[in-house]
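# Chain and residue survey
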Amino acid sequence: MGNKVNTPSKLKIRTGDLVKVIAGDSKGQQGKVLSVQIDKNRAIVEGVNLVSKHTKPNAANPNGGIIKKEAALHISNLMLVDPKSGKATRVGRKLNADGKLVRVAKISGEEIK
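Residues numbered from 1 in each chain as written. Predicted model: local features only at pLDDT ≥ 70, side-chain atom pairs only at ≥ 80, totals over all residues. Heavy atoms only, no water.

An unreviewed UniProt entry lists the protein under the name Large ribosomal subunit protein uL24, with Pedobacter yonginense given as the organism. Looking at the Sequence similarities (unreviewed entry) heading of the UniProt record, one finds this comment for the protein: "Belongs to the universal ribosomal protein uL24 family." In the Subunit (unreviewed entry) part of its UniProt record, the protein is described as follows: "Part of the 50S ribosomal subunit." (UniProt positions renumbered as here; feature names shortened; annotations may be inferred.)

As structure tokens, this is what we get:
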């Protein structure tokens, strides 16, 4: 038996996208994607899924203490927000006039920048 390497699939969510959380503790919240971890299929969303991190005193934070920080969410729990209607939408891919493959919102057909 040969080693089967998991090749990461193409993700529909990118850094800078406005997304809505559709499952989990943060369900219903919206935010901007700060980073995407392609290998883990996870994303960090601004102001969503906050966890308390206990930090020791260091140069950046001389007092230490408890800091609220965003934790990664699984991509399957996120849905892109349609730029036109403001609702959560699925993402499709289409060739535009220039022959370039672009992401489009399934609800409105609007191109996602």
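Let's shift gears to the side chain of Thr 89. Turning to its location among the elements, Thr 89 is positioned in strand 8 (residues 88-89). Polar contacts involving the side chain of Thr 89 include one to the main-chain amide nitrogen of Lys 106, which spans 3.2 Å. With residues up to four places along the chain from it excluded, the contact list for Thr 89 reads Met 79, Leu 80, Val 81, Asp 82, Ala 105, Lys 106 and Ile 107. (Helix = DSSP H or I, 4+ residues; strand = E, 2+ residues; numbered from the N terminus. Polar contact = N/O pair within 3.5 Å; in protein donor to acceptor, adjacent residues only side chain to side chain. Contact = heavy atoms within 4.5 Å.)

An order of 6-3-2-1-7-8 is seen for the six strands of this open sheet, with the pairing classed as antiparallel. The strands lining the two open edges of the sheet, one partner per strand, are strand 6 (73-74) and strand 8. Sheet topology places strand 1 (residues 18-21) next to strand 7 (residues 78-81); three bridges connect them, and they run antiparallel. Paired with Val 19 across the two strands is Leu 80, which belongs to strand 7. (Pairing = 2+ DSSP bridges.)

On the surface, a cluster of positive charge is made up of Lys 10, Lys 12, Arg 14, Arg 90, Arg 93, Lys 94, Lys 100 and Lys 106. Tracing the sequence through the fold places Arg 14 in the segment before strand 1. With relative accessibility at 42%, the residue Arg 14 sits in the partly exposed group. (Patch = residues over 30% accessible without salt bridge, like charges linked within 9 Å, V, L, I, M, F, W, Y side chains within 5 Å. Areas by Shrake-Rupley, 256 points an atom, 1.4 Å probe, with all protein chains shown as cover. Salt bridge = Lys/Arg side-chain N within 4 Å of Asp/Glu carboxyl O. Lys, Arg positive; Asp, Glu negative; His and termini not counted. Charge placed at Lys NZ, Arg CZ, Asp CG, Glu CD. Buried < 20%, exposed > 50% of the residue type's maximum accessible area, 1.4 Å probe, protein only.)

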